[in-house]
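Architecture at a glance
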Amino acid sequence: MVAEKTGYPEEMIGLELDMESELGIDSIKRVEILSALQEQIPALHGADTTQLAAMNTLGEIIEFAGGSDKKKSV
């Protein structure tokens, strides 16, 4: 899903990479990604968006969600 939104190949997107500085994801794209993740990961449905926006990596978001299926395609 992140690969579709960014154009990066899936194998390039590591959960530990900083979304802004290492992947070049701007604030608009970040909001799109966070919204899509909230749709896909039930634990994020009612999450505080300010808290999610403060997270720098996809790994942090998944960890916040309680480790929801880390093998899920990002």
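The shown structure was predicted, so the numbers you read here are calculated from the model rather than taken from an experiment.

Across its full length, the protein holds four helices and zero strands. Reading the helices (α) and strands (β) of the protein from amino to carboxyl end gives α-α-α-α. Expressed as a percentage of its 74 residues, the buried residues of the protein come to 36%. Sequence separation of at least 24 residues holds for 52% of the intrachain contacts in the protein that already meet a minimum separation of 6. Of the roughly 4,500 Å² of accessible surface on the protein, a fraction of 49% belongs to carbon and sulfur atoms.

Across soluble globular proteins, nonpolar side chains show a tendency to be buried alongside one another. Ile33, Leu37, Leu44, Leu52, Leu58 and Ile61 are the most contacted members of the largest nonpolar core, which has 20 residues in total. When residues of this core are traced back to their parent elements, those giving at least two are helix H1 (2-6), helix H2 (27-40) and helix H4 (58-64). When residues in this core are grouped by element, the largest group, four residues, is from H2. The residues touching Ile61, leaving out its near neighbours within four places in the chain, are Met19, Leu34, Leu37, Leu44, Leu52 and Met55.

With that settled, consider the confidence of the model for the protein. For the protein, per-residue confidence averages 85 on the pLDDT scale, and residues scoring 70 or more make up 89% of the total. Confidence, expressed as mean pLDDT per element, reaches its minimum in the protein at helix H3 (residues 49-53) with 85 and its maximum at H4 with 91. Contacts of residues 68-73 to residues separated by more than four positions or lying in other chains number nine contacts, the stretch itself having pLDDT below 50.

This part covers H2. For H2, which comprises 14 residues, the first-to-last C-alpha distance of 20 Å matches the rise-based estimate of 20 Å (1.5 Å per residue) to within 8%. Residues of H2 that are buried include every one of Arg30, Ile33, Leu34, Ala36, Leu37 and Gln38, and no others. Elements in contact with the buried residues of H2: H1, H3 and H4. A distance of 3.3 Å separates the backbone nitrogen of Ile28 from a side-chain oxygen at the start of H2, and that oxygen is part of Asp26.

Each value, and the rule that gives it
Residues numbered from 1 in each chain as written. Predicted model: local features only at pLDDT ≥ 70, side-chain atom pairs only at ≥ 80, totals over all residues. Heavy atoms only, no water. Helix = DSSP H or I, 4+ residues; strand = E, 2+ residues; numbered from the N terminus. Buried < 20%, exposed > 50% of the residue type's maximum accessible area, 1.4 Å probe, protein only. Contact = heavy atoms within 4.5 Å. Areas by Shrake-Rupley, 256 points an atom, 1.4 Å probe, with all protein chains shown as cover. Core = buried A, V, L, I, M, F, W, Y, C linked by side-chain atoms within 4.5 Å. pLDDT = per-residue confidence, 0-100. Expected span 1.5 Å × (residues − 1). Polar contact = N/O pair within 3.5 Å; in protein donor to acceptor, adjacent residues only side chain to side chain.

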